[in-house]
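# Descriptive analysis of the structure
Spelled out from the first residue to the last, the chains are:
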Amino acid sequence: MKPFEQGLVNYQQRLLSHDYGQVFCRFDAEQQALWSYINQPQRIPCINHALLKNLHQHHADIQRSGGYVQTKSESVLPIRYSVFASATPGYFNMGGDLQKMAAAIRQQDRAQLQAYAKLSIDVVAQRAFRFQLDHVTKISLLQGEVLGAGIEAAMTSDVLIAEKQSVFCFPELFFNMIPGMGAYSFIARKAGIAVADKMILGCERYSAEECLQMGLIDFVVEEGEGEQAVHDFIHKNNKRAEGFLSAQKAKARVNPLTYDELEDIVEVWVENALRLTERDLKVMDRFYRAQSRLFPDQAAAIDLLPDSLAAETTHDLAVNQ
């Protein structure tokens, strides 16, 4: 798609000027890399509905731009790299919105659960399918805690770069659920079904080095060196960019991911959620409270649990911080 094709200029400008709420972006003109950051300074860094809407709009704008950005100097440059990162120190993402999920399950609100899950896989699919653009290489930069749906979001990239302090965990089985927005689909394709089972059914925390050994991530660097590692990868990859992208397309052809697959697994997730017991939901509540204690400004206005449970709430998640 040509950069000056009719109707695309506004989207090329919009990528750098539009307010995407919980997402902000910047463009590195030298490396032709669009950096998209999850930005949640006033809230628990989780995959909430508003963030999903922001990401969906941002991804749609990348696609509609034809893969080009109009910079402040009025130059129109291609987006050769899409870098996905977080602006929350110490956290990439803590997973699904447990508070909203628990409330919907208690109310047996199938429609709300389906809407949340459907939007989640729509966002996942946009990035997983390369925004329908052939020339964009996708990179995830991980600099801290990466839990549940955060892992699924990160794995929509071709390359995962993690700083050494990063940890990875799927805690869903603690409250009798599974990750439903692409975990099995992405991990099985990248590292094998045995690794997917080990991570999802084991509920254990894995270091960046362990994930590197399992084939889940591609590079591990020292704390604070993540952004430089992205720059270094781009510099090195530029010499073989066409071959690298062709290899990604070949892998996708050998073991293609389809939207139908994501949608079918989401239905399993919704049915699973609606069968949870009050005991399961109390465990979910405790995880939420653990997150709340890590981010007290966000949690101050909301108290899901009775006082009798307050002392227990950090056990499941915060004990390993």
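Everything below is about the structure shown above.
This write-up is about the structure you can find in this document. (Residues numbered from 1 in each chain as written. Predicted model: local features only at pLDDT ≥ 70, side-chain atom pairs only at ≥ 80, totals over all residues. Heavy atoms only, no water.)

## Some points on the packing of aromatic side chains
This structure, assessed with the given rule, holds nine aromatic pairs. With centroids separated by 4.8 Å and ring planes inclined at 15°, the aromatic side chains of Phe-24 and Tyr-37 adopt a geometry described as stacked. Placement of the pair is Phe-24 in strand 1 (residues 23-28) and Tyr-37 in strand 2 (residues 33-38), with a sequence separation of 13 residues. Relative accessible area serves as the criterion here: at 7%, Tyr-37 is assigned to the buried category. (Phe/Tyr/Trp six-rings, centres within 6.5 Å; stacked < 30°, edge-to-face > 60°. Helix = DSSP H or I, 4+ residues; strand = E, 2+ residues; numbered from the N terminus. Buried < 20%, exposed > 50% of the residue type's maximum accessible area, 1.4 Å probe, protein only.)

## Observations regarding helix 2 (residues 49-64)
Look at helix 2: 22 Å from first C-alpha to last across 16 residues, which is about the 22 Å you get at 1.5 Å a residue. For helix 2, every residue scored as buried is listed here: Leu-51, Leu-52, Asn-54, Leu-55, His-58, His-59, Ala-60, Asp-61 and Ile-62. The N-cap residue of helix 2 is Asn-48: its side-chain oxygen and the backbone nitrogen of Ala-50 are 3.2 Å apart. Remark: Gly-66 follows helix 2 within two positions and exhibits a positive phi of approximately 75°. (Expected span 1.5 Å × (residues − 1). Polar contact = N/O pair within 3.5 Å; in protein donor to acceptor, adjacent residues only side chain to side chain.)

## A closer look at the side chain of Gln-12
With respect to the element layout, Gln-12 can be found in helix 1 (residues 9-17). A distance of 3.5 Å separates a polar atom in the side chain of Gln-12 from the backbone oxygen of Ser-65.

## Quick notes on the nonpolar core
Counting 80 residues, the largest nonpolar core has Leu-142, Phe-168, Met-199, Trp-269 and Met-284 as its most contacted members. Here this core gets nine residues from one element, more than from any other, and that element is helix 4 (residues 110-128). When sequence neighbours within four positions are dropped, the list of residues in contact with Trp-269 reads Met-101, Leu-113, Tyr-116, Ala-117, Met-177, Ile-178, Pro-179, Gly-180 and Met-181. In this structure, Tyr-81, Ile-139, Ile-161 and Ala-241 belong to the second largest nonpolar core, which totals 17 residues. (Core = buried A, V, L, I, M, F, W, Y, C linked by side-chain atoms within 4.5 Å. Contact = heavy atoms within 4.5 Å.)

## Some words on the sheet that holds strand 7 (residues 137-142)
Read from one edge to the other, the open sheet built from six strands follows the order 1-2-5-7-9-12, with strand pairing classed as mixed. Each of the sheet's edge strands pairs with one partner strand only, and the pair in question is strand 1 and strand 12 (219-221). Ignoring which end each strand starts from, the neighbouring axes of this sheet average 20° apart. In this sheet, strand 5 (residues 81-86) lies alongside strand 2 in parallel orientation, the contact comprising six bridges. Bridge pairing links Ala-33 to Tyr-81 in strand 5. In the packing of helix 9 (residues 226-237) onto the sheet, the strands contacted are strand 1, strand 2, strand 5, strand 7, strand 9 (159-163) and strand 12, and the crossing angle to strand 7 comes to about 160°. (Pairing = 2+ DSSP bridges. Axes fitted to C-alpha atoms, helices over the stretch in contact; angles between N-to-C directions.)

## Thoughts on the sheet that holds strand 8 (residues 144-147)
Here we have four strands laid out as an open sheet, ordered 6-8-10-11, and mixed in their pairing. For this open sheet the edge positions go to strand 6 (90-93) and strand 11 (206-207), each flanked by a neighbour on one side alone. In terms of strand pairing, strand 6 meets strand 8 through three bridges, oriented parallel. Bridge pairing links Tyr-91 to Glu-145 in strand 8.

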